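Next come the chains, spelled out residue by residue.
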Number of protein chains: 2
Amino acid sequence: MGTKGEGNRQRIIDAADNLFYRRGYNQTSFQDISDATGIPRGNFYYYFKTKDEILNAVVDARIAELSIMLKQCEVDSDDARERLLMFSNMLEYNRDDVIESGCPIGTLSSELAKDDPALHDKSRQAFILLRSWLKQQFDDLGINDAENLAMDLLAKLQGVTIMGCAFKDAAYIKRSHEEIKDWINTRTLN
Amino acid sequence: MGTKGEGNRQRIIDAADNLFYRRGYNQTSFQDISDATGIPRGNFYYYFKTKDEILNAVVDARIAELSIMLKQCEVDSDDARERLLMFSNMLEYNRDDVIESGCPIGTLSSELAKDDPALHDKSRQAFILLRSWLKQQFDDLGINDAENLAMDLLAKLQGVTIMGCAFKDAAYIKRSHEEIKDWINTRTLN
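The numbering scheme is per chain: residues are counted from 1 as the chain's sequence reads. Here chains are named by letter from A upward and ligands by number from 1 upward, in the order in which they appear as written. Whole-chain, interface and lining totals are the exception, using all residues; otherwise, since this is a predicted model, local features are given only for residues with pLDDT of at least 70 and side-chain atom pairs are given and counted only at 80 or more. Hydrogens and water are ignored here; the side-chain numbers use all heavy atoms of the structure.

Novice: What's the story with the interface of chain B and chain A in this structure? I'm lost.
Specialist: Many structure descriptions define interface size as the accessible area lost when the parts assemble. Residues count as neighbours in contact if any of their non-hydrogen atoms are within 4.5 Å of one another. With 39 residues of chain B at the interface, the matching set in chain A holds 39 residues. Two parts placed together each lose some accessible area under a 1.4 Å probe, and the buried area is that loss summed for both. Summing both sides of the interface, chain B and chain A together bury roughly 3100 Å²; the carbon and sulfur share of this comes to 61%. One side-chain nitrogen of Lys or Arg within 4 Å of one carboxyl oxygen of Asp or Glu is enough to make a salt bridge. Linking chain B with chain A are two salt bridges. Notably, a salt bridge pairs Arg175 of chain B with Asp152 of chain A, separated by 3.0 Å at the nearest N-O pair. Between N or O atoms, a polar contact is any pair within 3.5 Å; within protein, one atom must be a potential hydrogen donor and the other a potential acceptor, and residues adjacent in sequence are included only when both atoms are from side chains. For the pair chain B and chain A, the number of links is 14 residue pairs in polar contact (both at pLDDT 80 or more). Listing elements by their share of the side of chain B that touches chain A, those giving two or more residues are α1 (3-22), α7 (95-101), α8 (104-113), α9 (117-140), α10 (146-167) and α11 (170-188) of chain B. Ranked by the residues each element gives to the side of chain B that touches chain A, the list is headed by α10 of chain B, at 14 residues. Helix and strand labels come from DSSP, where a helix needs a run of H or I of at least four residues and a strand needs a run of E of at least two; each type is numbered from the N terminus.

Right under this line is the structure:
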């Protein structure tokens, strides 16, 4: 694929990523993605034959983006506790998006649980990356039960996201973020 | 509406309730509900003109069912702490459903956040009922901050539901439920 082809492919992925997040996977049609990119549906099939293929590419793109963000945390701090705190800051940085549309990973996973098992498996990959990275941070601090703590932290963030979005409540998210940081400190400072 | 009419209306609501939970609101068509009930689509419009109207009736039905469940908790125990523990048991009782399809209230709210604001408002009503009832339990125990604790408990349950469904992990749900019960006891026993 030439440079223009790669550019078009990426534009389709970016537009689909945003639409899957803002409207949901099932509520996004080929036509919606075509409209958002300006790439005619005819050309479009050259890059992706099915919406499932686009979903795979979107999840891969999200994983690549998360990997960069996690690597940046590692660059920014040598202290795994600080890296966990940085990770939890996602909740604040993305507060407006969370209130409007929830978590892109959590809502996609919930939607696809009700759909095709293969798509649900794919959507889970972003959670697997996060769980593995969080486990590594707790491991680095010499803490037992690192995998359980990784799941607990993800569950806390997801729970706050669901309730913050349901009630459109920025103050609730802010308070809960503070409590999550306290929990990270309690679990990691001895 | 005669008895037969009421019966048909209720069958439509029951079928839609199940389909909205198992497939999602947007993935459920009038035809799906017609197929599930055996009520021809022609007759069908006599009861509901739009899918939005069915959604309203489904949320009302879920609220009525939750109200009965909460009243039962009040009949079963005079102790608000025990009632909170009973409430948290939903996670275990519904474990297989949670693993397969998540929480009916949480997933509907997440889906509709990406949709029509009026539908999202409607879906929130079940959370409002639960928050209010949970707040009342903490209030009954003379605990400050009862509304925040009610939100925290809902967020914990939602977070575990999301992760338990994403990873299809019954053992994780069981462990987390024990931790939620510990949290309730810590917050309410002095």
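There is more to say after this.
Novice: What am I meant to see in the environment of Phe127 of chain B here?
Specialist: With respect to the helices and strands, Phe127 of chain B occurs in helix α9. Residues Phe127 of chain B and Leu154 of chain B lie 27 residues apart in sequence; the distance between their C-alpha atoms is 8.3 Å. Apart from the residues lying within four places of it in its own chain, the contact partners of Phe127 of chain B are Ile162, Met163, Ala166 and Phe167 of chain A together with Ile105, Gly106, Ser109, Leu154 and Gln158 of chain B.

Novice: Help me understand helix α5 (residues 80-88) of chain A in this model?
Specialist: Every α-helix winds through 3.6 residues per turn, so residues three or four apart in the chain are directed the same way. Residue and element names in this part refer to chain A. With seven of nine residues buried, α5 lies mostly within the body of the structure. Here the term buried applies to any residue with accessible area under 20% of the maximum for its type, exposed to any over 50%, and partly exposed to those in between, with areas from a 1.4 Å probe on protein chains only. Taken as a whole, α5 has its buried residues at Ala80, Arg81, Arg83, Leu84, Leu85, Phe87 and Ser88. Next to the buried residues of α5 lie α4 (51-76), α6 (90-93), α9 (117-140), α10 (146-167) and α11 (170-188). In this structure Asp79 caps α5, since a side-chain oxygen of it lies 2.8 Å from the backbone nitrogen of Arg81.

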